[in-house]
Amino acid sequence: MRWLALSLAALAVPSQAALRFGCSTVSIQRLDPLVEPGKVPSAHLHQIVGGNAFNASMDPADGDVAEKATCTTCTFSEDFSNYWTAVMFFKHQNGSYHRVNIMQNTALPNGINGGMTIYYTQQDFFSNGNQKITAFPKGFRMTVGSPTASSKYGVGLKFVCLQNKGTRFPELDDFPAQRCAGGIMTVHHFPSCWDGKNTDSPDHQSHMYITTKDAFQNAGPCPSSHPVRVPQVAYETLWDTAKFNQMPGQFVLSFGGKGYGTHADYLFGWKDDALQKAMDNNCMFQACENGRPLKSQGVQAMNQCQVKSTVAENIDGWLDELPGGSMDM
Ligand SMILES: *[C@@H]1O[C@H](CO)[C@@H](O)[C@H](O)[C@H]1NC(C)=O
Ligand SMILES: *[C@@H]1O[C@H](CO)[C@@H](O)[C@H](O)[C@H]1NC(C)=O
């Protein structure tokens, strides 16, 4: 009997709780409601996924985005958050620029239109550990990285030279020096320690503290200044760079700077307590779908959700300059 009790206890331990899901592109335009609220157009181009309440201002005083949005491009249909990064361009040696398309990731349902893979992990890639993970409060937002960084900014902001869509290592701090047969992946890990009080801060970063390590490893303990452990949010974006591999030139991000300036923005918008419910669960990746415990939707519904550009400018084909110009670092 003793043996039986032990093995049942072992089975009951929640060991793997993590979200990994696709969101198709909801918009590609020059808006940045976090860093340049209300400014149309913003300084550089972003690719955005998530809820269709995305617009230039998104002032928390305007209300809950989960109430304002009517659809989302994410698998989890109660996630109206917005997630965005800079866009990648190819700068031809002749001075022209061409936007690089986004490819869907592996391990996601087929047919997703561009977009990103979003993670909310707990302890690390494989395990939830045993500490309480507190979901973000309404109105929460944060950024990671800085377009003006001219050297490595911090941990967790990475480039991967893809041989194929499954390549994950090595993780690089800047653009790969060589051309990559399978494209380039950008990875953005956000900090996971929160001060427990502020949903934002003037630099959109100091309410958070980074103990995160590279490559979905277990983060260090949170400091007393930022004691609340929140989900470890990370983005993966796969860029279809291969079609430019025979041309002379280099890849740049939409602000024109080096890869060190890679950055990402997060604006929380889960409905009610859906994210907390997931963090208290022991589901893993696709097993969290279909109401166990999260409501989910298929690829067609994800792709149908769109936000029209409010910025009248051409971002396709060969361009004489980057939309908004280049910081030329
Ligand atoms: C964004 O949407 C809110 C309403 O949801 C609206 O009040 C605001 O004017 C919009 N801002 C812009 C710049 O379109
Ligand atoms: C640069 O090269 C591309 C690709 O061949 C071409 O389409 C574009 O017009 C060129 N730009 C200039 C300024 O020559």
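What counts as what
Residues numbered from 1 in each chain as written. Chains lettered and ligands numbered in written order. Predicted model: local features only at pLDDT ≥ 70, side-chain atom pairs only at ≥ 80, totals over all residues. Heavy atoms only, no water. Helix = DSSP H or I, 4+ residues; strand = E, 2+ residues; numbered from the N terminus. Contact = heavy atoms within 4.5 Å. Areas by Shrake-Rupley, 256 points an atom, 1.4 Å probe, with all protein chains shown as cover. Disulfide = S-S within 2.5 Å. Near = heavy atom within 4 Å. Polar contact = N/O pair within 3.5 Å; in protein donor to acceptor, adjacent residues only side chain to side chain. Nonpolar A, V, L, I, M, F, W, Y, C, P; charged D, E, K, R; others polar. UniProt positions renumbered as here; feature names shortened; annotations may be inferred. pLDDT = per-residue confidence, 0-100.

Undergrad: Would you mind going over the overall build of the protein in detail, with residue names and values included?
TA: Scanning the protein from N- to C-terminus turns up four helices and 18 strands. Its C-alpha atoms give the protein principal-axis dimensions of roughly 75 × 45 × 40 Å. Intrachain contacts of the protein at a sequence separation of at least 6 include 76% that bridge at least 24 residues. Carbon and sulfur atoms make up 52% of the accessible area of the protein, which amounts to about 13,900 Å² in all.

Undergrad: Provide a residue-level description of the state of the cysteines, including the pertinent values.
TA: Simply put, disulfide is the name for a covalent bond between the sulfur atoms of two cysteines. What the rule picks out here adds up to five disulfides. Linked covalently through their sulfurs, cysteine 193 and cysteine 222 form a disulfide whose S-S length is 2.1 Å. Disulfide cysteine 193-cysteine 222: the torsion about the S-S bond is -85 degrees, which places it as left-handed. In this pair, cysteine 193 is assigned in strand E12 (residues 193-194) and cysteine 222 in the loop between strand E13 (208-209) and strand E14 (228-229), connecting sequence segments 29 residues apart.

Undergrad: Tell me what's going on with the site of ligand 2, and back it up with residues and numbers.
TA: As a matter of local geometry, ligand 2 sits amid His92, Asn94, Ser96 and Trp318. Note that an oxygen atom of ligand 2 is positioned 2.3 Å from one of the side-chain N or O atoms of asparagine 94. In the model, a nitrogen atom of ligand 2 is placed 2.8 Å from a nitrogen or oxygen of the serine 96 side chain. Burial of ligand 2 by the surrounding chains reaches 46%, relative to a free accessible area of 360 Å².

Undergrad: Explain the environment of asparagine 94 to me, and be specific about the residues and the numbers.
TA: With respect to the secondary-structure elements, asparagine 94 resides in the loop between strand E5 (88-92) and strand E6 (97-99). On a C-alpha basis, the gap between asparagine 94 and proline 248 in space is 8.4 Å, while along the polypeptide they are 154 residues apart. A distance of 2.9 Å separates the side chain of asparagine 94 from the backbone nitrogen of serine 96, its partner in a polar contact.

Undergrad: Mind laying out the site of ligand 1, listing which residues take part and the relevant values?
TA: Around ligand 1 sit Asn55, Ala56, Ser57 and Lys68, and that is every residue in its neighbourhood. The contact in question runs from an oxygen atom of ligand 1 to an N or O atom on the side chain of asparagine 55, over 2.3 Å. At 3.3 Å from an oxygen atom of ligand 1 is found a side-chain nitrogen or oxygen belonging to lysine 68. Protein coverage of the free-state accessible area of ligand 1, which is 360 Å², stands at 45%. Looking at side-chain class alone, the shell around ligand 1 contains one nonpolar, two polar and one charged residues.

Undergrad: Tell me about the UniProt feature "domain: DUF1996" (unreviewed entry) in the protein, and please be specific about residues and values.
TA: UniProt annotation of "domain: DUF1996" (unreviewed entry) refers to residues 32-270 when read in the numbering used here. Summarising residues 32-270: 2% helix, 27% strand, and an end-to-end C-alpha distance of 20 Å.

Undergrad: Lay out the confidence of the model for the protein with the relevant residues and their values.
TA: Residues at a pLDDT of 70 or more form 94% of the protein, whose mean pLDDT is 92. Contacts from residues 1-15, a stretch scored under 50 in pLDDT, to residues over four places away or in other chains number six contacts.

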